[in-house]
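Structural description and commentary
Listed below, chain by chain, are the residues.
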Amino acid sequence: MIENIIKSKRRVQKHGEVFTPKWIVEMMLDIPEIKATCENLITKFLEPAAGEGAFLVAILERKLNMVKEKYNQSLDQFEKYSLLALTTLYGIELLEDNTQACVLNMFEKYYDLYYEVAHNHSGKVKKNVLDSAKEIISSNIEQGDFLTRKDSKGNP
């Protein structure tokens, strides 16, 4: 499957927007020191040009897989530690549509794994856990300009 690394020539010229292909994201995250860090529950990550979340989603997947392996004695335990993992990921993105896509992509990754774990425990996905996940992700992914340190409204 061919990945689009640009949305339009205009966006490249105006904003320098070029997306990192998944294979490069995975190769970079597989560097031993980075790989170990991605699998650490409390290590924090800040993506200053989050785009649609290629790096953040991949790191989230690695963190959630680690939680599934180490903190999965019960569904409650998985829920607690998976939400903790979410609190360690932050992103700033210049463009509104990318910011929204990043939030959606991260939530989708969380939901898919949470659903799988709940099913394996013969349990159900809980609305309050999903609401917490949405709130954490939405709060941690912000639209703004990392270089000027201003939000989408031009405020510091």
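Use the structure listed above.
For the structure given in this document, a descriptive report is provided here. (Residues numbered from 1 in each chain as written. Predicted model: local features only at pLDDT ≥ 70, side-chain atom pairs only at ≥ 80, totals over all residues. Heavy atoms only, no water.)

Our next topic: the overall build of the protein. Helix and strand counts for the protein come out as seven helices and four strands. Along the protein, helices (α) and strands (β) appear in the sequence α-α-α-β-α-α-β-α-α-β-β when read from the amino end. Once local pairs closer than 6 in sequence are excluded, the contacts in the protein between residues at least 24 apart make up 70%. Accessible surface, the protein as shown: approximately 9,600 Å² in total, 55% of it carbon and sulfur. (Helix = DSSP H or I, 4+ residues; strand = E, 2+ residues; numbered from the N terminus. Contact = heavy atoms within 4.5 Å. Areas by Shrake-Rupley, 256 points an atom, 1.4 Å probe, with all protein chains shown as cover.)

Let's shift gears to the pairing of strand E3 (residues 141–145). Sheet topology note: the strand E2 (residues 89–93)/E3 ladder contains three bridges and is parallel. Of the residues in E3, the one forming a bridge with Gly-91 is Ile-141. Looking at chain direction, E3 and strand E4 (residues 150–151) are connected through two bridges and run antiparallel. Bridging across to E4, Asp-145 finds its partner in Lys-150. Counting the residues that bridge the hairpin from E3 to E4 gives four residues, and of these Arg-149 lies at a positive phi of roughly 60°. (Pairing = 2+ DSSP bridges.)

The next thing to look at is the pattern of salt bridges. All chains considered together, the criterion is met by nine salt bridges. Glu-26 is the partner of Arg-62 in a salt bridge, and the nearest nitrogen-oxygen pair spans 2.7 Å. Taken together, the residues span a long stretch of sequence, with Arg-62 in helix H4 (residues 54–70) and Glu-26 in helix H2 (residues 22–29) at a distance of 36 residues. Looking at Arg-62, the relative accessible area reads 11%, which means it is buried. Overall, Glu-26 belongs to the partly exposed group, its relative accessible area being 22%. (Salt bridge = Lys/Arg side-chain N within 4 Å of Asp/Glu carboxyl O. Buried < 20%, exposed > 50% of the residue type's maximum accessible area, 1.4 Å probe, protein only.)

Looking now at the sheet that holds E3. One open sheet holds the four strands; their spatial order is E1-E2-E3-E4, and the pairing between them is mixed. The strands lining the two open edges of the sheet, one partner per strand, are strand E1 (45–47) and E4. The strands touched by H4 within the sheet are E1, E2 and E3, with E2 carrying the most contacts at an inclination of about 170°. (Axes fitted to C-alpha atoms, helices over the stretch in contact; angles between N-to-C directions.)

Leu-86, Met-106 and Tyr-110 are the most contacted members of the largest nonpolar core, which has 36 residues in total. Listing elements by their share of this core, those giving two or more residues are H2, H4, helix H5 (75–86), helix H6 (96–120) and helix H7 (127–140). (Core = buried A, V, L, I, M, F, W, Y, C linked by side-chain atoms within 4.5 Å.)

With respect to the helices and strands, Ser-82 occurs in helix H5. A distance of 2.8 Å separates polar atoms of two side chains, one belonging to Ser-82 and the other to Tyr-110. Dropping the residues within four chain positions of it, Ser-82 is found in contact with Leu-64, Val-67 and Tyr-110. (Polar contact = N/O pair within 3.5 Å; in protein donor to acceptor, adjacent residues only side chain to side chain.)

All told, the structure shown has four aromatic pairs when counted by the stated rule. Aromatic side chains Tyr-110 and Tyr-114 sit 5.9 Å apart centroid to centroid with 40° between the ring planes, which places their arrangement in the tilted category. Remark: Tyr-114 and Tyr-110 occur in helix H6; sequence separation between them is four residues, near one turn of the helix. For the pair Tyr-110 and Tyr-114, a shared accessibility class is recorded, and that class is buried. Between the aromatic rings of Tyr-111 and Tyr-115, the centroid separation amounts to 6.1 Å while the plane-to-plane angle is 25°, which identifies the pairing as stacked. Pair noted here: Tyr-111 and Tyr-115 are both in helix H6, with a separation of four residues, about one helical turn. Overall, the relative accessible area of 30% leaves Tyr-111 in the partly exposed class. Looking at Tyr-115, the relative accessible area reads 46%, which means it is partly exposed. A network of ring pairs unites the aromatic residues Phe-107, Tyr-111 and Tyr-115 as a single cluster. (Phe/Tyr/Trp six-rings, centres within 6.5 Å; stacked < 30°, edge-to-face > 60°.)

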